[in-house]
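# Observations on the model geometry
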Amino acid sequence: SSRHLGWSGDGSRLCAAFSNGTAIMTSLDGIVWKKDWGLELRLVAWSPDSSCTLIGTSTHEVYTVNLEGEVTHSLPVSGEHGGAPLAGMRWHHGPRSPDPDYKTLAVALENGEVLLFRDEHDPDPMILDTAMFIFCVEWCRNGQVLAIAGKYEGSPGGGCEVGLVTSRGDLVHRLHVPTAAITKLVWDSLGSQLAIAEETGMFMSAVRWDHLAAATGNFLLYAIRNSDDSGQQVVFWDTRNEGTVKARQYSSNVLALAAGSGHCVVASFDTEVGPWVQVLGVNTGEEVGLKVVPLTPQHVGITDTLVVAAGGRFVYTWCYSGSSLDTETVFDAVTAAVVDIAKVPELMDDGAEDILEAFSATQTVVALGRGDGLTECRSLPDFRLLGRWRTPLPVSRVAVNSSGTKIAVIDASTTLFVSPCACDDPAVVQDMTRTAAPALAWSVLWADDDPDLCVAVCGIRPVVLAGDEVIDLPVTNGYACRLHMGAVTTVLLEDILAAPEENPTLAHLRVHRSVYEPEQGSVWELHPDLAPEAPKPDGLGWLLPPPAGGRGVPALTVLKRSLTPVSRTGLQDVMWNSDLGFMALGCGHAVELLTVSAATVLDAASGQTQAILLTGEETHTADVVSVRWAPQTNYLASSDAAGKVIVWKHDVGEWVQVVSFEEASTVARSLEWSREGTHLCVAFDNGTAIVGTLDAIVWKRDLGVGLRCVAWSPDGTLVLLGTSKDEVQILDSAGEVTGSLFVASENGGAPLADIKWHRTPSLVPDGDCKNLAVALENGEVLLFRDHLDNDPLVLDTAMLVFCVEWCHSGQVLAIAGKNSGGGCEVGFITPRGDLVHRMYIPAPSIAGLVWDGLGSQLAITQPD
């Protein structure tokens, strides 16, 4: 069988490697050569100039083969830990950098080692030990980054990792992927999205890089690495004059860069004197002042008089101009106090966590974004607290408007929030207001002349936010650098950095301006003087990687099809049976079945959905509130608001009733089958719980308190009953109460929203993988390993939670709720509590969630 094949860079030849040891090179005119190697072949990779091919064998060897099929030499791929099977082999086809450390050829071994070669003649490859079992590797289109997919031994929950490393071997990001194995990695042509394939689906990761760049007025500043690796330089480009650039050389790496009105600040590190900041005039590039600082700056900002630098847990200010010249202040974000600058080294060693993740400074306000989702706004220069705001996830970006009155925050889910900088009671943490901007927001910029106008880049689409209005601009892979006088300027920064030896031109700019049309109102159009032919999106030169420690901004998103509404009157509950190909719906007084395959998208307008109405001697005389399929069988149970329960059976193409019973004058609130599908538990509003089989009632108990939800243990020996008193009672197979689950909320008592216990018990021994989810309406979701777990993981979703549901594999829990802005969302988390995606649902409420059998589709119902 064919194991691997690859096209040459010019597309003229195809090389295929077969498991029987045969290798074939062919062109469109016919076979060029065919060789029998006598051993199993695994991988193929072409050289960038299409002059030779690398062929990897099952004996852990890689040979270089010329166009005539002759072996010219072999690559040293033994690694540091001896021979290991080849996992992947990728050769980037872009132009080569003169930097000897720049690698283009990656050979990955299953033992976790990745060997990076400059070319096939490199005798001294760089060896990276990932400590993973590697599945595959893939270069992005421009060679900026190599993605490495693998799995750590004993990884909790069976999750995988994708590491992103630069061509110099610097690790810039690690991405957790909630799947058991990864089969392939594929980049888009821009290097801005990565598709991660598994056996039953795939994930998408959007990637943007934190380039060292800043803009002020008509000037664009950016840092590049010298071609001889002698240091870096900061380039000053006056965009009013095409090709007019200046550069200032630095012998060390630039750590951070920011620009203000007339001045900019550069942060760097010297091995002899330590970290320092330097103020330069933007127009001249000449030094205004330089100061050695007590912290390593990760972020910098500049005002008319102050340099503001942040790193780890500290914020430092230096007055470089004005009446308080040379005054220095250090603020400790952990203790929320100004500290003596001489004590900073001592405080750095006290073990406190570095908490600052994002930073923004204006003339009067500094915003500090933290890893716990908290953002603080403080006044400058005295650091007086103005307001504290919280987002559901850690903060990745903050920006303060020109007047210091509003703050924009992007959290780790790439959601954009906007709130006032100050609030009435600064000590009370407020929830931020989510905007209507699309997902995948990775940068935000306020107008320099309008405090109510900002532009955000969401994926590859810039959007302008004017109050509650969101205005879409044309797609671009540019970075927003200015919003001024109703015009948005974006710069194709990556194209500039792809050819650093060439001066930037107006072709690298896109300017969209707002124009008033009497019939349309305000519209945005491309500036006619700056509308040249778009440059090639992926660039032609080698892209300079960020310096060591530079951060990518990947955001894992679940690949999903568009939401398709299916309208049903009185819809209360829904349940999917992928084996039978039916979806059961409780609609009004009836149970309706839709024929739908788990491999297709539910579409009410297509021929894929045929409705079946279940009828029989017994009927529901009140609204059906719950429907449940019995696992591993063809039985379906339904319950209604009058206390009646009916069990249906699919028999030779027909549906028949097999059992029915009733608890009068109450609602049969919830029902659930045991894992084997042999026992059914029903919970009623009046406090009665019944467990029965198809033959008889096993037990019936009156708990004396209203019941809300039911969950079976994976082994079918226990039943959990959630009560109206916010308790979860544990009952054994005889119906005896054996204990209760500890579900105390961190924010006080709250009504139970839902209980779901995944049917497959976890085999992970370390306790980090959770199987039992208890959701409270106040937004907290408690994740337990089992009913004996006294230390649950508590997640605060900041939503009014409606319901939760595990997917079939137990790798993802879906949580439905309503956010503080009044909109509904579904969040997806792993059994370790990691949020992997949030999805906005255009509905006022959500009644239920149901997964298909593959975990690839999710049905979301709303009440009628």
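The model shown is predicted, which means the values in this text are computed figures rather than measured ones. (Residues numbered from 1 in each chain as written. Predicted model: local features only at pLDDT ≥ 70, side-chain atom pairs only at ≥ 80, totals over all residues. Heavy atoms only, no water.)

### Quick notes on the overall build of the protein
The following threshold applies: A run of H or I in DSSP becomes a helix once it reaches four residues, and a run of E becomes a strand once it reaches two; helices and strands are each numbered from the N terminus. For accessible areas, the Shrake-Rupley method is used with a probe of radius 1.4 Å. Any residue's cover is judged against the shown protein chains and nothing else.
Tallying secondary structure elements over the protein gives 2 helices and 76 strands in all. With an accessible surface of roughly 35500 Å², the protein has 49% of that area assigned to carbon and sulfur atoms.

### A look at the nonpolar core
Within soluble globular proteins, side chains that are nonpolar tend to cluster in buried spots. Applicable threshold: The definition of a nonpolar core used throughout is a set of buried Ala, Val, Leu, Ile, Met, Phe, Trp, Tyr and Cys residues joined through side-chain atoms within 4.5 Å. Burial classes follow relative accessibility: with a 1.4 Å probe on protein chains only, a residue under 20% of its type's maximum area counts as buried, one over 50% as exposed, and anything between as partly exposed.
One finds Tyr222, Val464 and Val491 to be the most contacted residues of the largest nonpolar core, which totals 23 residues. Secondary structure elements with two or more residues in this core: strand S21 (219-225), strand S22 (232-238), strand S43 (453-458), strand S46 (479-484), strand S47 (487-491) and helix H2 (493-498). By residue number, the principal contributor to this core is S46, which donates 4 residues. Counting residues in each nonpolar core, the second largest holds 21 residues, with Val574, Phe582, Leu636 and Trp648 among its members.

### With respect to the pattern of salt bridges
Convention followed: For this analysis, a salt bridge means a side-chain nitrogen from Lys or Arg found within 4 Å of a carboxyl oxygen belonging to Asp or Glu.
Taken as a whole, this structure holds 19 salt bridges when the rule is applied. Where arginine 388 meets glutamate 376, a salt bridge forms, and the shortest distance between an N and an O atom there is 3.6 Å. Placement of the pair is arginine 388 in strand S36 (residues 385-390) and glutamate 376 in strand S35 (residues 374-379), with a sequence separation of 12 residues. For arginine 388, a relative accessible area of 21% gives the class partly exposed. Where salt bridges share partners, they join Glu376, Arg378 and Arg388 into one cluster.

### Focus on the pairing of strand S62 (residues 697-702)
We count it as follows: Pairing between strands is defined by DSSP: at least two bridges between the two strands are required.
In terms of strand pairing, strand S61 (residues 688-692) meets S62 through 5 bridges, oriented antiparallel. The residue bridging glycine 692 from the neighbouring strand is isoleucine 697, located in S62. Counting the residues between successive antiparallel strands, the hairpin from S61 to S62 contains 4 residues.

### What to know about the sheet that holds strand S41 (residues 433-434)
If you trace the 4 strands from one edge of the open sheet to the other, you get S37-S38-S39-S41, paired in antiparallel fashion. Edge positions in the open sheet fall to strand S37 (395-400) and S41, since each of these has one partner strand only.

### Re the environment of phenylalanine 236
Stated formally: By definition in these notes, contact holds between two residues if any of their heavy atoms fall within 4.5 Å.
Assignment of secondary structure puts phenylalanine 236 in strand S22. Between the C-alpha atom of phenylalanine 236 and that of arginine 248, which follows or precedes it by 12 residues, the distance is 8.3 Å. Leave out the neighbours within four places in its chain, and phenylalanine 236 touches Leu220, Leu221, Thr244, Val245, Lys246, Arg248, Cys264, Leu280, Gly281, Val282 and Gly285.

### As for unusual backbone geometry
Negative phi is the rule for most residues except glycine; trans is the rule for most peptide bonds. In this model, leucine 380 is joined to proline 381 through a cis peptide bond whose omega is 10°. A positive phi is found at alanine 131, a non-glycine position, where the angle reads about 65°. Inspection of the secondary structure assignment puts alanine 131 in the loop between strand S12 (126-129) and strand S13 (133-139). If you check the backbone angles, serine 665 has positive phi at about 60° while not being a glycine. As for its position among the elements, serine 665 is in the loop between strand S58 (654-662) and strand S59 (668-673). Residue class for serine 665 comes out exposed when judged on its relative accessible area of 79%.

### Quick look at the packing of aromatic side chains
As a reminder, the rule being used: Two aromatic rings, drawn from Phe, Tyr or Trp (for Trp, its six-membered ring), form a pair once their centres lie within 6.5 Å of each other, and the interplanar angle then sorts them: stacked below 30 degrees, edge-to-face above 60, tilted otherwise.
One pass over the full model with this rule turns up 8 aromatic pairs. Ring plane angle 55° and centroid distance 6.3 Å describe the contact between tryptophan 318 and tyrosine 320, whose orientation is recorded as tilted. Both residues of the pair, tryptophan 318 and tyrosine 320, count as buried. With a centroid separation of 5.9 Å and an interplanar angle of 75°, the aromatic rings of phenylalanine 828 and tryptophan 851 are classed as edge-to-face. Remark: tryptophan 851 occurs in strand S75 (residues 848-851) and phenylalanine 828 occurs in strand S73 (residues 824-829); sequence separation between them is 23 residues.

### Observations concerning the side chain of serine 713
What counts, and what does not: In protein, a polar contact means a hydrogen-donor-capable atom and an acceptor-capable atom, both N or O and within 3.5 Å, with residues adjacent in sequence counting only if both atoms are side-chain atoms; elsewhere, any N or O pair within 3.5 Å suffices.
In this structure, serine 713 sits in the loop between strand S63 (707-712) and strand S64 (719-723). Of the residues examined, serine 713 reaches a relative accessible area of 4% and is grouped as buried. Separated by 3.3 Å, the side chain of serine 713 and the backbone nitrogen of threonine 717 make a polar contact. When residues no more than four places from it in sequence are discounted, the contact partners of serine 713 are Leu718 and Trp757.

### Some points on the side chain of aspartate 332
Inspection of the secondary structure assignment puts aspartate 332 in strand S31 (residues 328-332). Residue contacts for aspartate 332: discarding those within four places in its chain leaves Arg313, Phe314, Ala337, Val339 and Leu347.

### Structural notes on a nonpolar patch on the surface
We count it as follows: Without a salt bridge and with relative accessible area above 30%, a residue can belong to a patch; like charges are then joined within 9 Å and nonpolar side chains (Val, Leu, Ile, Met, Phe, Trp, Tyr) within 5 Å.
A grouping of Val273, Leu290 and Val292 is seen on the molecular surface, where their side chains present a nonpolar patch of about 240 Å² in accessible area. Within the secondary structure layout, leucine 290 lies in strand S27 (residues 287-292). You can call leucine 290 partly exposed: its relative accessible area is 40%.

### Regarding the environment of aspartate 449
When you line up the elements, aspartate 449 lands in the loop between strand S42 (441-446) and S43. Distance in space between the C-alpha atoms of aspartate 449 and histidine 484 is 6.1 Å, their sequence separation being 35 residues. There is a polar contact of 2.7 Å between the side chain of aspartate 449 and the backbone nitrogen of methionine 485.

### Here we look at the sheet that holds strand S9 (residues 86-91)
Selection rule: Interaxial angles span 0 to 180 degrees and are taken between N-to-C directions of axes, which are lines fitted to C-alpha atoms, for helices over the stretch in contact.
Taken in spatial order, the 4 strands line up as S9-S10-S11-S12 in an open sheet, and their pairing is antiparallel. A strand with exactly one partner marks an edge of an open sheet, and here the two such strands are S9 and S12. With direction set aside, neighbouring strand axes in the sheet form an average angle of 15°. By the bridge criterion, 4 bridges tie strand S11 (residues 113-117) to S12 in an arrangement that is antiparallel. Within S12, the residue paired with glutamate 113 across the bridge is aspartate 129.

### Re the pairing of strand S2 (residues 13-18)
Each regular strand displays side chains that alternate between the two surfaces of the sheet. Here 5 bridges tie S2 to strand S3 (residues 22-27), and the two strands are oriented antiparallel to one another. Bridge pairing in S3 links alanine 16 to isoleucine 24. Counted between consecutive antiparallel strands, the loop separating S2 from S3 contains 3 residues, among which glycine 21 sits at a positive phi close to 100°.

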